[in-house]
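Here is what each chain is made of, one letter per residue.
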Amino acid sequence: MKALQKITHARLPLWSLPASWPQQNGALALADIVFLGHKIDHITPSASFDNTTEWKTAAPSPEAAFCVSAEHVLDVQGALVLPGLLDAHTHIDKTLTLGRIKDVKPGLLNAIQAMMVDRARWSEQDIRSRASKALQWAQAAGVTHLRTHCDWWEPNTTPLAWHVIKDLALEWQSSIKVSRSALIPLTLFKEQESANALAKAVSQSNASKHRASLGGFIHTSNWDPQALKHLFEAAQRFELDLDLHVDEELNPKAQGLQSIAQLVTQMQFKGRVVCGHTCALAQKPQAEGLTILDQVAQSGLTLVTLPVTNLLLQDASPDRTPKLRGMTLVKEARARGIPVLMGSDNVQDPFCAMGSYDPLEAMIIGTPMGQLGQAFDVWSESICQTAWIDSPSDAAQPRVLAPGSTANLVVFKQANTIGFPSQTHPRAVVRDAVLL
Ligand SMILES: [Zn+2]
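Residues numbered from 1 in each chain as written. Predicted model: local features only at pLDDT ≥ 70, side-chain atom pairs only at ≥ 80, totals over all residues.

Here we take up the overall build of the protein chain. A tally of regular secondary structure across the protein chain gives eleven helices and 19 strands. Relative to a compact globule of 436 residues, whose C-alpha radius of gyration would be 22 Å, the protein chain shows 22 Å and is just as compact. Expressed as lengths along the three principal axes of its C-alpha atoms, the size of the protein chain is roughly 65 × 50 × 45 Å. Long-range contacts, defined here as pairs at least 24 residues apart, represent 77% of the contacts in the protein chain between residues at least 6 apart. (Helix = DSSP H or I, 4+ residues; strand = E, 2+ residues; numbered from the N terminus. Rg over C-alpha atoms; globule rule 2.2 N^0.38 Å. Contact = placed C-beta atoms within 7 Å.)

So, in structure tokens, the structure goes:
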């Protein structure tokens with residue numbers, strides 16, 4: 001571990017730079033990032049560096065390139081640099097259970113059934129040990145913010161995992177900001193009274209000064225517009241944010257997303273509203289899908305796409321190669337200024353065998369899945385931009401990679417802007433201005 005005062009010659013993504021950022025020889029100028037204590041003090045264009053040769057495409061010499069000088073300066077010689085990573089949608093309560101579950105049938109609803117059977121094994125020690133491993137993996141990948149959903153399946157009992165992960169969030173707060181969202185079936189919001197009781201329980205068990213997050217599973221199999229309204233009213237009443245599983249299916253008749261956009265506008269909902277999945281949007285007729293996205297843009301929703309799990313769970317059948325991909329309209333959303341995040345979702349549980357809590361893994365699959373151009377300069381924001389998931393009440397926090405923000409950075413030793421996110425595994429992590 002080496003304390004740093006400055007990183008020089010960093011290639012930062014276009015989305016993080018001011019419009020006035022200069023170009024050198026037709027390419028974005030590299031950046032010097034100066035630290036003060038454990039924060040970023042200022043970022044300026046590097047004085048001189050020949051970045052016209054694609055040095056990264058030649059065999060790099062990462063060890064030689066990553067020596068810290070006696071003046072505590074790390075010259076990364078044009079390497080790509082991102083802020084501490086955000087994993088915007090995970091399930092660390094369920095994670096790492098697949099090895100002990102036999103015979104999981106394909107598809108989302110079958111995975112839910114398998115998970116319900118496994119819950120009998122969820123002791124405090126079991127949850128703590130699995131979730132801790134998830135956080136260790138995330139930390140090694142350079143994650144500094146992680147949102148986890150926690151299954152909450154009974155109206156009057158707070159699940160054990162909700163408490164265990166609250167304790168873990170406190171234990172890990174110096175390295176990862178762990179936030180929880182209660183994942184509750186929409187049916188439990190059918191009665192207004194029980195909706196209020198659930199929102200109150202979530203609010204009272206909040207782990208931090210930040211707003212807590214209420215969640216729900218919204219799907220054509222349990223669709224109930226009145227229950228959705230109760231969910232929103234309860235969240236408004238108890239000043240909660242919302243992070244919902246929405247239309248995780250390929251049924252073009254799914255109505256979750258447009259109903260949520262309408263409710264937010266009608267109620268002038270105050271908190272952050274995050275909608276994960278929304279796969280069904282891409283199956284609607286083009287004009288209808290775009291009209292819904294216009295409403296989403298107007299209502300200020302954040303979308304989260306989960307490429308790995310939705311490639312596995314959508315259009316799933318044991319003996320047939322899938323033809324469809326479960327990705328929402330990410331390009332059209334971003335073109336409308338809608339925040340789009342990308343997350344790991346399930347990791348090594350009945351929903352998804354793959355995963356490692358490395359947001360770059362989601363990007364490696366999501367980039368070709370969505371045929372996304374400018375993966376580093378545009379789309380890497382989907383695994384970094386914490387302002388898109390934080391409470392509106394946190395708006396006073398400095399944005400990532402801005403003066404005053406915490407000096408958490410990930411340096412990719414071999415990746416280049418052309419091939420990103422390939423070759424992102426060799427990386428150096430800087431936390432609180434210390435090279436780990
Ligand atoms: Zn999920």
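Glancing now at the packing of helix H3 (residues 124-141) against helix H4 (residues 160-171). For the pair H3 and H4, the least separation of the axes is 10 Å and the interaxial angle reads 45°. Put simply, H3 runs oblique to H4. The two elements H3 and H4 meet at a crossing, and its hand is right-handed. Together, Glu124, Ile127, Arg128, Ala131, Ser132 and Leu135 of H3 and Leu160, Ala161, Val164, Ile165 and Leu168 of H4 make up the contact between the two elements. Here the contact of H3 with H4 is built from residues that sort into eight nonpolar, one polar and two charged. (Axes fitted to C-alpha atoms, helices over the stretch in contact; angles between N-to-C directions. Parallel < 35°, antiparallel > 145°, perpendicular 65-115°, else oblique. Left-handed = near helix turned anticlockwise from the far one by under 90°. Nonpolar A, V, L, I, M, F, W, Y, C, P; charged D, E, K, R; others polar.)

The side-chain alternation of strand S15 (residues 302-305) yields two buried faces, one formed by Thr302 and Val304 and the other by Leu303 and Thr305. Summarising the sheet, strand S14 (residues 273-277) and S15 pair through three bridges and their orientation is parallel. Its bridge partner being in S15, valine 274 is matched across the sheet by threonine 302. For the crossover that starts at S14, traverses helix H8 (residues 286-299) and ends in the parallel S15, the hand is right-handed. Strand direction decides the pairing type here: S15 and strand S16 (residues 340-342), joined by three bridges, are parallel. In the sheet register, leucine 303 faces S16, and the bridge partner there is valine 340. (Buried ≥ 20, exposed ≤ 12 C-beta atoms within 10 Å, placed from the backbone. Pairing = 2+ DSSP bridges. Right-handed = clockwise from strand over helix to strand, strands pointing away.)

Spatially, the five strands line up as an open sheet ordered S1-S19-S18-S17-S8, and their pairing is antiparallel. The open sheet is flanked by strand S1 (2-3) and strand S8 (80-83), the only strands paired with a single partner. Pairing analysis gives four bridges linking strand S17 (residues 409-412) to strand S18 (residues 427-431), with the strands arranged antiparallel. If you follow valine 411 over to S18, its bridge partner there is alanine 428.

So, on to the nonpolar core. Core analysis: the biggest nonpolar cluster contains 126 residues, and Val81, Ile165 and Ile260 have the highest contact counts within it. Each of domain 1 (2-83 + 402-435) and domain 2 (85-394) contributes no fewer than three residues to this core. Each residue touching isoleucine 165, except ones within four places of it in the same chain, is listed here: Ile92, Asp93, Ala131, Thr148, Cys150, Val178 and Arg180. (Core = buried A, V, L, I, M, F, W, Y, C linked by C-beta atoms within 7 Å. Domains from an automatic or database assignment.)

Turning our attention to the pairing of strand S10 (residues 143-151). With nine of nine residues buried, S10 lies mostly within the body of the structure. Here four bridges tie strand S9 (residues 85-90) to S10, and the two strands are oriented parallel to one another. Bridge pairing in S10 places threonine 90 opposite threonine 148. With seven bridges connecting them, S10 and strand S11 (residues 177-185) associate as parallel partners.

With that settled, consider the domain arrangement of the protein chain. When the parts come together, some accessible area is lost, and that loss is often what is quoted as the size of the interface. Examined at the domain level, the protein chain breaks down into domain 1 (2-83 + 402-435) and domain 2 (85-394). Domain 1 and domain 2 are separated by 31 Å when their C-alpha centres are compared. Taken together, the contact between domain 1 and domain 2 spans 16 residues of the former and 15 residues of the latter. Contributions of two or more residues to the side of domain 1 that touches domain 2 are made by S8 and S18. Looking at the side of domain 1 that touches domain 2, its residues break down into ten nonpolar, four polar and two charged.

Below, the discussion takes up the sheet that holds strand S7 (residues 73-75). The strands that make up a sheet pair up through hydrogen bonds in the backbone, lying either parallel or antiparallel. If you trace the four strands from one edge of the open sheet to the other, you get S6-S5-S2-S7, paired in mixed fashion. Two strands bound the open sheet, and with one partner strand each, they are strand S6 (39-45) and S7. With direction set aside, neighbouring strand axes in the sheet form an average angle of 15°. Bridge analysis of strand S2 (residues 6-10) against S7 gives three bridges, and the strand direction is parallel. Directly across from isoleucine 7, in S7, lies its bridge partner leucine 74.

The subject of this paragraph is the packing of helix H6 (residues 225-237) against helix H7 (residues 256-267). At a minimum axis distance of 11 Å, the contact between H6 and H7 shows a crossing angle of 45°. As the angle between them shows, H6 and H7 are arranged oblique. Crossing handedness for the pair H6 and H7: right-handed. Between H6 and H7, the residues in contact are Pro225, Leu228, Lys229, Phe232 and Gln236 and Ser259, Leu263 and Met267, respectively. Tallied by class, residues from the contact of H6 with H7 come to five nonpolar, two polar and one charged.

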